[in-house]
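Below are the chains, spelled out letter by letter.
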Amino acid sequence: MQVLAQILFVAALATAGFFIGRRVKLIKKTILLGQAEDRTDRPAERLKTMLLIAFGQKKMFNRPIVGLMHFIIYAGFLIINIEVLEIMLDGILGTHRLFYPLLGSLYGFLINFFELLALGVVAVCLVFLIRRNVIKVPRFQESRHREMTSWPRTDANIILITEVLLMWAFLSMNAADTILQQRGLGHYAEASTGNFLVSQWLQPVFNNWSDTALVTYERIAWWFHILGIMGFALYVTYSKHLHIFLAFPNTYFSNLDPKGEMHNMPAVTKEVKIMLGIEQPDATPAEVGRFGAKDVKDLSWKNLMDAYSCTECGRCTAACPANITGKKLSPRKIMMDTRDRLEEIQKGWLQNGYEYDSGKTLLGDYITEEEILACTTCNACVQQCPVNISPLDIILQLRRYKVMEESSAPGSWNAMFSNLENNMAPWKLSPGDRFNWAENLNNP
């Protein structure tokens, strides 16, 4: 019977590993659809940024209470999963509490710490469920933000409820296990760990259970906990909670330039330098590609990683002045639309092969002209994002395509472009008259 359980466990682990690996490869291939971009400079600064923003949750603490609650979930996720290593080895080797003989008294200290974290995770998940579904924080509601449809709300609830159930399985498993130890039943008696800090309060629930019922429940909780974690790991690759993993590389590859600096297109910069005599034209001019971006393939790989790293927290949209004043622009929607477009491409690949083209594009089918024209390029969304995503970069590239490829710009913009070309300023004033307004400032 024990050998059968080991075989089933290894089979479940291999199955989960196969599907997770396949999904990760597909996401990687999708991100690499983007244009090449070098983000390997200043490695020390990049490492520091990752440690502060992703590992240290620095931006989350702009709102201290929510930041602390998020940190509890985050720390619980990272640290409690150390305990999963023992469960996996127990499942493979057919042992029970493998690390107890090796760690001695330290083992009880670690499990007590894990249980306190688990209790914190349960408490915080319940608070977050109440915030989303009872208090109904405005930035999560479809009535205020059209991108927050039923699926984004359901996705968040699934994750929070799953985390509560996994933590309950962990705590109740420990409670049942320690009672079986006290009863001296079978292999449970070999690990005399004693009661644990949190799960001991659950023991009254199980004290009157028979040995058979208690063993059955402990095994069910054990299997539910580990299989739930495997399923959770696979599910997050389809969920916004992929940011749990991608936050680290995404912040490492952050844009380290000043927030207000906009990068010029190399082809345009070269043409301007040639016009000014700073550079000489190439003997064989390279073919100029598309100006700006119409679809995800025109964006950089970092833009596409941004889309998969988006937490849908809405801090960017809550800070966006265009959105606050009632315009259709929502930086969160820009990122969600980009990811939805990538997911559509993936589905096409899986159903029709990698050469499949649906004919849809990011600009037009997902993101409208009205949205990108509403952006004021203030960088509020970039500043607020907890994982250093830049919706503004995508907006700018889509806008460049509309203006430079389709010659589609509002009349006021065309007037500004004409003034810049003729007067070297956005206003319809010749350079010689630019300071006429100051002539009489010193007169009484």
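## Some points on the layout of surface pockets
The volume enclosed by the largest pocket comes to roughly 1,300 Å³. Along its surface, the largest pocket is lined by 46 residues, and Glu 37, Arg 39, His 263, Asp 393 and Gln 397 are the ones closest to its centre. Only helix H2 (43-55), helix H10 (266-275), helix H11 (301-309), helix H17 (380-384) and helix H18 (391-405) provide two or more residues apiece to the lining of the largest pocket. For the lining of the largest pocket, the leading source of residues is H18, giving 5 residues. Here the residues of the lining of the largest pocket sort into 15 nonpolar, 15 polar and 16 charged. Asn 264, Met 265, Val 268, Arg 400 and Met 404 are, among the 18 residues lining the second largest pocket, the residues nearest its centre. Looking at the lining of the second largest pocket, the elements that each hand over two or more residues are H10, H18 and helix H19 (411-423). Top element by residues in the lining of the second largest pocket is H18. It accounts for 5 residues. Across the lining of the second largest pocket, the residue classes tally to 12 nonpolar, 4 polar and 2 charged.

## Overview of the nonpolar core
With 45 residues, the main nonpolar core has Tyr 308, Leu 329, Ile 334, Met 335, Leu 362, Ile 367 and Leu 398 as its most contacted residues. For this core, the elements supplying multiple residues, two or more each, are helix H1 (2-31), H2, helix H9 (243-252), H11, helix H14 (331-352), helix H15 (362-365), H17 and H18. Looking at this core element by element, the count peaks at 6 residues for H18. In this view, Leu 362 contacts Lys 294, Asp 295, Val 296, Leu 299, Asp 337, Thr 338, Arg 341, Ile 367 and Leu 398; residues no more than four positions away in its chain are not counted. If you look at the next biggest cluster of nonpolar residues, it comprises 42 residues, including Leu 171, Ala 175, Phe 206 and Met 230.

## Examining empty space enclosed by the protein
This structure, assessed with the given rule, holds 4 cavities of 30 Å³ or more. Quantified by volume, the largest cavity comes out at close to 660 Å³. Residue assignment for the lining of the largest cavity shows that the elements contributing at least two residues are H2, helix H3 (64-93), helix H5 (105-135), helix H6 (150-182) and H9. The element best represented in the lining of the largest cavity is H3, accounting for 5 residues. Class assignment of the residues belonging to the lining of the largest cavity gives a composition of 18 nonpolar, 5 polar and 6 charged.

## Some remarks on the packing of H14 against H18
At a minimum axis separation of 9 Å, H14 and H18 run at an interaxial angle of 75°. Taken as axis vectors, H14 and H18 run roughly perpendicular relative to one another. Contacts between H14 and H18 pair Pro 331, Ile 334, Met 335 and Thr 338 from the former with Pro 391, Ile 394 and Ile 395 from the latter. Residues of the contact of H14 with H18, tallied by class, amount to 6 nonpolar, 1 polar and no charged.

## Some thoughts on the state of the cysteines
Applying the stated criterion across every chain yields a total of 0 disulfides. Unpaired in terms of disulfides, Cys 378 finds its nearest cysteine sulfur in Cys 320, a separation of 6.2 Å.

## What about H3?
Under the 1.5 Å per step criterion, the end-to-end length of H3 is 44 Å for 30 residues, consistent within 8% with the ideal 44 Å. Where H3 bends most, at Ile 82, the angle is about 30°. Backbone geometry just after H3 places Gly 94 at a positive phi near 75°.

## A closer look at the pattern of salt bridges
With the rule as written, the count across this model stands at 24 salt bridges. Notably, a salt bridge pairs Arg 39 with Glu 37, separated by 3.0 Å at the nearest N-O pair. In this structure Arg 39 comes out as buried when scored by relative accessible area, which is 10%. Note on Glu 37: relative accessible area 28%, which makes it partly exposed. For Lys 402, the salt bridge goes to Glu 406, with nearest N and O atoms at 2.7 Å. Several salt bridges share partner residues, and in doing so they unite Asp 41, Arg 42, Glu 45, Arg 46 and Asp 257 into one network.

Criteria and cut-off values
- Residues numbered from 1 in each chain as written.
- Predicted model: local features only at pLDDT ≥ 70, side-chain atom pairs only at ≥ 80, totals over all residues.
- Heavy atoms only, no water.
- 1 Å grid on protein atoms, 1.4 Å probe; cavity = no way out; pocket = protein on both sides within 12 Å on 5 of 7 lines; lining within 4 Å.
- Points joined across faces, edges and corners; volume = space filled by probe spheres on them.
- Helix = DSSP H or I, 4+ residues; strand = E, 2+ residues; numbered from the N terminus.
- Nonpolar A, V, L, I, M, F, W, Y, C, P; charged D, E, K, R; others polar.
- Core = buried A, V, L, I, M, F, W, Y, C linked by side-chain atoms within 4.5 Å.
- Buried < 20%, exposed > 50% of the residue type's maximum accessible area, 1.4 Å probe, protein only.
- Contact = heavy atoms within 4.5 Å.
- Axes fitted to C-alpha atoms, helices over the stretch in contact; angles between N-to-C directions.
- Parallel < 35°, antiparallel > 145°, perpendicular 65-115°, else oblique.
- Disulfide = S-S within 2.5 Å.
- Expected span 1.5 Å × (residues − 1).
- Bend = angle between axes of the 7 residues up to and from the residue.
- Salt bridge = Lys/Arg side-chain N within 4 Å of Asp/Glu carboxyl O.

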